[in-house]
Amino acid sequence: MAAALAAALALAAGPARANNLLVNPGFEGDSGHVVASGWTYFSDPAPPGYFGDYWVETRAGIPHSGAQYWKQWGALYNATNNNVAGIYQEFSSASGSIYEANGWIYTSSSDLLGADCSVWLEVSFLDASGKLLALYKSDDFSASTGADTWFPYQVTNACDLSRPVSVGDPYFTTYAVTGTVSQLVAPPGTATIRYRFDYLQVTNEGGSCYLDDTVLDQVSGTLPPVISDVSPLNMIFVNPNDGLTFDATSPSGTDIENTNIGLVVNGQDVSSKLQISGSSSDKTVSYLGLQSNSTYTASITVTDAFGFTASANTYFETTWVGTPPVVYLWEAEDFDFDNGMHIDNPDLCNAPGDPNCYFGKVGVEGVDEHSLGSGGDHLYRPDDAIPTHVAGDYLRPNLVAAGRLDYRIDPFQSEEWLNYTRDWTNGTFWVIARVATGEGLSGSLTLSEVGADGTATNLGAFSVASGLGWTTFENVLLRDSDGNIVPVTLNGKATLRVTSGGNLLPNFFALVAGQIDLPVVKNMYPTGSHPFEYTNAFSFDVSSLGATIAPQAIRVSMDGVDVSSSLAISGSDSNRNVLYPALQPNALHTAIIDVTNSLTHGVSLTNHFDTFSQTNYMVEAEDFDYDGGRYVTNWFPDAYLGFGATTNIDFQHTPIAGEQFPYRANGIPEEIAYDYLRQAFVDVGATDYHLAWFGPGDWANYTRGYPTGSFLAYIRSAGFGAYTMNLDEVTSGAGTVSEVTTPLGAWNGLGRDNQTHAWVLLTDPTNGAPAVVKLDGQATLRLSTPTGDCYPNYFMFVPAATLPSGLRLSAAFSSGNILLSFPTQSGLSYQVLYRNNLTTGSWQTLTTVPGDGTTHTVTDAPTTSGRFYRLQAQQVSVP
């Protein structure tokens, strides 16, 4: 069966009636980019990329009842096939049981459901093997039904299972409606009833639809058991001594044997350790085997004497997962009001009237807060300029006990700030922010202390390099620009200020117990804060308060190779200056620094940076050929401004609604690129652009007088999720519609958004090895994108490193294995390839080894047919 049978968890719900079987029918159990509690999401095939087509949304004035509703939009946006996706719940049932089903549906005029798209509710009856026995549907809802109004939909249409109907989705079939019924009767052989919401997306039409107050009433027949009052339910900061508790009840009074109550915790069956009390059909269950500082996934099953089954799941974390013990916690929405007024230990409330609560308080612009007029909801402080939204984070015990919603600041635009005045606990602490950002996105918040004169002193930043989702929160420590954890000393009343650097949404902040005697790494160079830090040395300083640092306690790994023995270390015992003098210039690098002081307290920092030179040959993605193969011989920034281009000769592009051409007259659309501005652009005040609306099947040609030599090729690009761009050479027919190309390699990237640019190395698609591009004067190269959503800024050719003379690979046979040995050189990466036939087939990668000046030996298992090996070396790079 597609999913475990659901249980009625008795979450906060809308107008659910006594026999409404649906769990979380009004979508009040959680919020954000999550599949609603109690429901199961379906889409065949699974949507590509990293972002689902749904949201449990909170918008003032929109829900049919309660505070939230289910929002869904198209899953696939396929130009050729339709797609049906949605959510459902399943319950035990038996022949002759009678049901009624309905729900409320809505579409917004600001995001109107696609003209040909439709949604509906359906109820199906299945036998024990999952075979469909009967199907009932509501009428279809579409944009033509109406917008900005909730419409009730009853499931009353009976379907003929002998008459399948295609909706254009090869993975989904529905059936012809042949009549109407007033009630839904389970046919003979029924074991399961399924309630489902279906969203039909027609090709790539957009828009969205909302669902609320769903009902699956059981009118007659034996009711399935109910699992209720599960605690902790999707919660963090849980006291392990409170254990896991729930109730198991049969609304029909059917007996539930203790042996038929099951609990699996983190994959281990602990049913024999349950403590169970109550009557034969109404039981209270507890499990007291929880440990501190642990994460738990628990699955509950209950089966009654009739054979009906219910199940429930919960996730929770006990104190203190992901953080040292919390000394003081404050909510992000509890910022100052009325010109610096504050509450040291505020109550938790959801409504006005409590003077000891921040609900409804209003901050003063420029004193308590700085707002740029952000949009969004203002749920917690309705009259304040800073927007607050339901957080969508895991619950916390104190919030549940107070019956209070959890909030976040959303949106929190770059340069907006909030002040938090408190009479702080005396001491030195680490500071943690509980924050979220979009999947793959980066973001930051800066923490500063505001002096009596209003001057803010920077303390550090909370940074996320790659987010997990807008409602997937992380505990992030305050760190300085070199990555060290910052100890913050507080002594009584003070004002802390949080300033947004963009993209991070804060839920709460906390002072936690920390170590203040850790080694501190400073003045690292290259910094990794921007590209083009050209150098042949890596350096940093490290100090330790109240402890010494021995030279041998400083370890550095560069690109996977331990280079500690090559470090030049000077300075005093407690303040060391460290230099690695053999850094490869014109390359990508990853440095890992590990330092331990005499107190055995250590830190580990990772720095990703490049040492590329801006003198490398670069090609701007927006500067593709013009007027049928022409190009600018003496290029300068923005040299192609206003130029047109000839389709099928200079470019190929499928137009997309909303595309813009701020730079070229036509061709591939562009937009301003907010990437690191290179010196050539700074010198002349030019604007940097990248290609946009650059979709599958698009390509552009670049004719140039290229430099002579062998090169590694890097592209500087942004993108959403996984993408691929190919680099080809036009080998004949250049400047005509009959161009023939030869592939040179592929750039395979994973983007965060359309303005977070990163390096991607050109590789050989057959084996993943770095591709070496040989250039010699005038040529036409082609950039194309077969898959993904990418925003290329420019590509760059880096001279391939000089290889050691006479690469040597020797083979021997020992103890039943093949031993392959070869000398290596620092700064190079060695790849051992193989194939089973010397003249046919692709070379496959056996292993990759970083060079360190020694001879390496790798092992391969023998084959019956024999095997051929190749050794190749390339400049070290980290894609």
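K.L.:
So what exactly am I meant to see when it comes to the overall build of the protein here?
P.N.:
Across its full length, the protein holds two helices and 54 strands. Overall, the protein is about 85 × 70 × 70 Å in size when its C-alpha atoms are taken along their principal axes. Here the analysis covers contacts within the protein between residues at least 6 apart in sequence; of these, 70% occur between residues at least 24 apart. Just so you have it, the protein exposes about 35,500 Å², and 50% of that area is on carbon and sulfur atoms. Put simply, the protein has 35 plus and 87 minus side-chain charges, and the middle of one group is 6 Å from the middle of the other.

K.L.:
Any chance you could explain the packing of aromatic side chains here in plain terms?
P.N.:
Both the distance between ring centres and the angle between the ring planes are used here to describe each pair of aromatic rings. Within the structure shown, the criterion is met by 51 aromatic pairs. Residues Tyr315 and Tyr394 carry aromatic rings whose centres are separated by 5.0 Å and whose planes lie at 35° to one another, so their mutual orientation is tilted. Note that Tyr315 is positioned in strand S22 (residues 309-318) and Tyr394 in the loop between strand S25 (388-390) and helix H1 (397-402), a separation of 79 residues in sequence. Of the residues examined, Tyr394 reaches a relative accessible area of 33% and is grouped as partly exposed. An aromatic cluster of at least three residues, connected via ring pairs, comprises Tyr617, Tyr702, Tyr706, Phe711, Trp747, Phe795 and Phe797. In this structure, Arg782 is placed above the aromatic ring of Trp699, and the distance from its NZ or CZ to the ring centre is 3.5 Å. Across the ring face of Tyr834, the terminal group of Arg867 is positioned such that the distance to the ring centre comes to 3.9 Å.

K.L.:
Please explain the nonpolar core as it appears in this structure.
P.N.:
When a protein is soluble and globular, its nonpolar side chains tend to lie buried together. Residues Trp70, Val123, Phe125 and Leu216 are the most contacted members of the largest nonpolar core, which totals 46 residues. If you list the elements that add at least two residues to this core, you get strand S2 (54-57), strand S3 (69-73), strand S4 (83-92), strand S5 (98-106), strand S6 (118-126), strand S7 (132-137), strand S12 (192-201) and strand S13 (208-220). Look past the residues within four positions of Leu216 in its chain and what remains in contact with it is Asn19, Asn20, Leu21, Leu22, Phe91, Tyr99, Glu100, Ala101, Val123, Ile193 and Tyr195.

K.L.:
I would appreciate a short explanation of the sheet that holds strand S40 (residues 602-610) in the present structure.
P.N.:
Within a sheet, each strand pairs with its neighbour through backbone hydrogen bonds, oriented either parallel or antiparallel. An order of S36-S35-S39-S40 is seen for the four strands of this open sheet, with the pairing classed as antiparallel. Two strands in the sheet have a free side with no partner beyond their single neighbour: strand S36 (561-562) and S40. Relative to S40, strand S39 (residues 588-596) runs antiparallel, the two sharing nine bridges. Residue Val595 lies in a different strand from S40, and its bridge partner there is Val603.

K.L.:
Hey, could you run me through the side chain of Asp30 in this one?
P.N.:
Topologically, Asp30 is positioned in the segment before strand S1 (40-43). Buried Asp30, no salt bridge; nearest opposite-charge side chain is Arg408, N-O distance 12 Å. When neighbours within four sequence positions are excluded, Asp30 is seen to be in contact with Asn24, Val35, Ala36, Ser37, Val56 and Gln68.

K.L.:
Please clarify how unusual backbone geometry should be interpreted in this entry.
P.N.:
Here Ser231 and Pro232 are connected by a cis peptide whose omega angle stands at 0°. In this structure, Phe237 is a non-glycine residue whose phi angle is positive, near 60°. Mapping Phe237 onto the fold places it in strand S15 (residues 235-238).

K.L.:
For this particular structure, what's the right way to read the pattern of salt bridges?
P.N.:
Between side chains of opposite charge, pairing is possible as soon as their charged atoms come close. Tallying each qualifying case throughout the model produces 18 salt bridges. With a closest N to O distance of 3.1 Å, Asp573 and Arg576 form a salt bridge. Since its relative accessible area comes to 46%, Asp573 is described here as partly exposed. We classify Arg576 as buried; its relative accessible area is 8%.

K.L.:
Looking at this model, I keep getting lost on the sheet that holds strand S53 (residues 855-860). Mind explaining?
P.N.:
Pairing in this open sheet of three strands is antiparallel, and the strands run S49-S50-S53 from one edge to the other. Edge strands, defined here as strands with exactly one partner in the open sheet, are strand S49 (810-814) and S53. Taken pair by pair, the neighbouring strands of this sheet meet at an average axis angle of 25°, ignoring direction. The pairing of S49 with strand S50 (residues 817-823) spans five bridges and is classified as antiparallel. Note that in S50 the partner of Ser810 across the bridge is Ser821.

K.L.:
I keep staring at the pairing of strand S45 (residues 698-732) and nothing clicks. Help me out?
P.N.:
The side chains of a regular strand alternate between both faces of the sheet. Bridge analysis of strand S42 (residues 651-652) against S45 gives two bridges, and the strand direction is antiparallel. Note on S45: the bridge partner recorded for Phe651 is Ala700. Relative to strand S48 (residues 772-799), S45 runs antiparallel, the two being bridged by 28 bridges. Examined bridge by bridge, S45 and strand S47 (residues 758-761) share four bridges and lie antiparallel to one another. Following the sheet pairing, Ile715 is matched in S47 by Val760. Examined bridge by bridge, S45 and strand S46 (residues 740-751) share 11 bridges and lie antiparallel to one another. Paired with Ala722 across the two strands is Leu750, which belongs to S46.

K.L.:
Where do I start with the state of the cysteines in this structure?
P.N.:
Within this structure, the stated rule accounts for one disulfide. With no disulfide of its own, Cys209 has Cys117 as its nearest cysteine by sulfur position, at a separation of 9.8 Å. For Cys209, a relative accessible area of 0% translates into the label buried.

K.L.:
Please explain the environment of Ser414 as it appears in this structure.
P.N.:
Structurally, Ser414 can be placed in the loop between strand S26 (407-409) and strand S27 (417-437). Taking relative accessible area as the criterion, Ser414 reaches 37% and is therefore assigned partly exposed. Not counting residues within four places of it along the chain, the set of residues in contact with Ser414 comprises Leu372, Ser500, Gly501 and Gly502.

K.L.:
Even after reading the chapter, I still don't get the environment of Asn234, so can you show me in this structure?
P.N.:
Position of Asn234 relative to the elements: it lies in the loop between strand S14 (226-231) and S15. Accessibility expressed as a relative area gives 22% for Asn234, which makes it partly exposed. Along the chain, Asn234 and Arg664 lie 430 residues apart, while their C-alpha atoms are 52 Å from each other. When neighbours within four sequence positions are excluded, Asn234 is seen to be in contact with Ser37, Thr314, Tyr315, Tyr394 and Leu395.

K.L.:
Where do I start with the side chain of Glu57 in this structure?
P.N.:
Structurally, the position occupied by Glu57 is in strand S2. Among the polar contacts made by the side chain of Glu57, one reaches the side chain of Tyr69 at a distance of 2.4 Å. Among all residues touching Glu57, those that are not within four sequence positions of it are Ala67, Gln68, Tyr69, Lys71 and Tyr210.

K.L.:
When you look at the environment of Tyr640 in this model, what are you seeing that I'm missing?
P.N.:
Looking at the element boundaries, Tyr640 is found in the loop between strand S41 (617-620) and S42. Aside from chain neighbours lying at most four places away, what touches Tyr640 is Asp623, Phe624, Tyr626, Tyr631, Val632, Trp635, Tyr663, Arg664 and Arg704. Among the polar contacts listed, one links the side chain of Tyr640 to the backbone nitrogen of Val632, at a separation of 3.0 Å. Side-chain polar atoms of Tyr640 contact the side chain of Arg704, separated by 3.3 Å.

What counts, and at which threshold
Residues numbered from 1 in each chain as written. Predicted model: local features only at pLDDT ≥ 70, side-chain atom pairs only at ≥ 80, totals over all residues. Heavy atoms only, no water. Helix = DSSP H or I, 4+ residues; strand = E, 2+ residues; numbered from the N terminus. Contact = heavy atoms within 4.5 Å. Areas by Shrake-Rupley, 256 points an atom, 1.4 Å probe, with all protein chains shown as cover. Lys, Arg positive; Asp, Glu negative; His and termini not counted. Charge placed at Lys NZ, Arg CZ, Asp CG, Glu CD. Phe/Tyr/Trp six-rings, centres within 6.5 Å; stacked < 30°, edge-to-face > 60°. Buried < 20%, exposed > 50% of the residue type's maximum accessible area, 1.4 Å probe, protein only. Lys NZ or Arg CZ within 6 Å of the ring centre and 35° of its normal. Core = buried A, V, L, I, M, F, W, Y, C linked by side-chain atoms within 4.5 Å. Pairing = 2+ DSSP bridges. Salt bridge = Lys/Arg side-chain N within 4 Å of Asp/Glu carboxyl O. Axes fitted to C-alpha atoms, helices over the stretch in contact; angles between N-to-C directions. Disulfide = S-S within 2.5 Å. Polar contact = N/O pair within 3.5 Å; in protein donor to acceptor, adjacent residues only side chain to side chain.

Spatial relationships are all this shows, so hold off on functional conclusions.
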